[in-house]
Amino acid sequence: MNSEKSVIVLQGGGALGAYQGGAVEALSDAGQPIDWVAGISIGAINSALIAGNEPERRVSALRNFWEMVSSSSLPVGMLDGVLSRGFLNDLSATGTTMTGVPGFFRLRLPPAGLMPQGTEGARSFYDTAPLRDTLLDLVDFDLLNGGPIRLSVGAVNVETGNMTWFDSAETEIRPEHIMASGALPPGFPAIEIDGARYWDGGLVSNTPLQYVLDEQLPAEDLCVFQVDLFSARGAVPTSVWTSEAREKDIRFSSRTRFNTDMMRRMHETRDAARRLYDKLPPGLKNDPDAKALVRGNADPCVTIAHLIYRQAKYERQSKDYEFSRRSTLDHWDAGKADVVRTLSHPEWKARHDAATRVKVFDLAE
């Protein structure tokens, strides 16, 4: 087997992105190399923090970011036993909507609804200029563009509606590319890049997995850690409040199984084409159509560790914009624990023994 290229794929999900920080810390503790990181929205921000820092500084850069964005919340433990955790989270989320998040975004004043159409202040409820300063402070963009880790982030062209991928293998990544990937309307303004305006990539696809699989080299084995923040599976809602949370899960969850099933069928088709080609008489093997069927004989192996944040019972539809310090720590610890559980699982340790070329492991439940 060829040497695997290690890829981290980070889904969008706002405040839940601390789960990805914990996952990266556990991977770092395990000595897992990183060759390529791809992200959408908050996943793009975490990706930039990974690719734009030396290995020994990546986890601290992620911690600095998540400590900053949760710095305005009540201290951990305050009011415990007086108010329910769910109610405290709602208070925190309300504070986010009324003021913003330190180092990330701030409420526009005067409000966007009072500004004349066409002016910058009318384009969104919040101003994301603080995020640009944060990125410049925590990310070494020279290292990001010239270092060993490939970075890919996705955004949507507002005028065409098409997904656009900004890839350090082809493009010089600037703070604007990261901000564009997380510019979710109408909260955040579209980000202008080279004359075009872009919104959050999650509007079209909330996970970069398909892009990574499409860009994979023909003979390149991949080990993918896909870190998702919304679970496609969940209970039937029992109220309008839980319905809103469940709808958000379904809308933003990834379609990993669909993508990998499609790849598995492609592998099986290519295998059948090779077997058929071997049965052809010598005169037909030189036929251009026959050669086209077996072109690109090297079929890579793809191993995916699927890590999914599982919503806590007290969390509600505001979970992705609830930036309290306690929730941030809980999400971080959950990501770390899920990676530790996955890497220590017997099935993961024996993953190279399987003959199949597409393997998906969901071992953290």
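Residues numbered from 1 in each chain as written. Predicted model: local features only at pLDDT ≥ 70, side-chain atom pairs only at ≥ 80, totals over all residues. Heavy atoms only, no water.

Named according to an unreviewed UniProt entry, the protein is PNPLA domain-containing protein originating from Thioclava nitratireducens.

(A) Region of the structure containing the side chain of Lys 248. In this fold, Lys 248 is placed in helix α9 (residues 240-252). Here Asp 320 takes part through its side chain, which lies 2.9 Å from a polar atom of the side chain of Lys 248. If we skip the residues at most four places from it in the chain, Lys 248 touches Phe 230, Gln 317, Asp 320 and Tyr 321. (Helix = DSSP H or I, 4+ residues; strand = E, 2+ residues; numbered from the N terminus. Polar contact = N/O pair within 3.5 Å; in protein donor to acceptor, adjacent residues only side chain to side chain. Contact = heavy atoms within 4.5 Å.)

(B) Looking closely at a negative patch on the surface. Where like charges cluster on the molecular surface, the negative patch consists of Glu 54, Glu 56, Asp 140, Asp 142 and Glu 172. Take Asp 142: it is sitting in helix α6 (residues 141-146). Judged by relative accessible area, which is 68%, Asp 142 ranks as exposed. (Patch = residues over 30% accessible without salt bridge, like charges linked within 9 Å, V, L, I, M, F, W, Y side chains within 5 Å. Areas by Shrake-Rupley, 256 points an atom, 1.4 Å probe, with all protein chains shown as cover. Salt bridge = Lys/Arg side-chain N within 4 Å of Asp/Glu carboxyl O. Lys, Arg positive; Asp, Glu negative; His and termini not counted. Charge placed at Lys NZ, Arg CZ, Asp CG, Glu CD. Buried < 20%, exposed > 50% of the residue type's maximum accessible area, 1.4 Å probe, protein only.)

(C) Representation of the sheet that holds strand β4 (residues 105-107) in the model. Strands sit in the order β3-β4-β5 across an open sheet of 3 strands; the sheet is antiparallel. Since the sheet does not close on itself, it has two edges, and those belong to β3 (100-101) and β5 (126-127), each with one partner. Of the strand pairs in this sheet, β3 and β4 are connected by 2 bridges, and their pairing is antiparallel. For Val 101, the partnering residue across the bridge sits in β4 and is Phe 105. (Pairing = 2+ DSSP bridges.)

(D) Looking closely at a nonpolar patch on the surface. On the surface, a cluster of nonpolar side chains totalling about 240 Å² of accessible area is made up of Leu 184, Leu 203 and Val 204. By secondary structure assignment, the location of Val 204 is in the loop between β9 (196-200) and α8 (209-215). Using a relative accessible area of 46% as the deciding quantity, one classes Val 204 as partly exposed.

(E) Here's a closer look at the pairing of strand β2 (residues 36-39). Here β2 shows two buried faces, one formed by Trp 36 and Ala 38 and the other by Val 37 and Gly 39. In the sheet, strand β1 (residues 5-10) pairs with β2 via 4 bridges, with the strands oriented parallel. Bridged to Ile 8 within β2 is Val 37. For the handedness criterion, the β-α-β arrangement of β1, helix α1 (residues 18-29) and β2 is classed as right-handed. Across 4 bridges, β2 lies against strand β6 (residues 150-157) in parallel orientation. (Right-handed = clockwise from strand over helix to strand, strands pointing away.)

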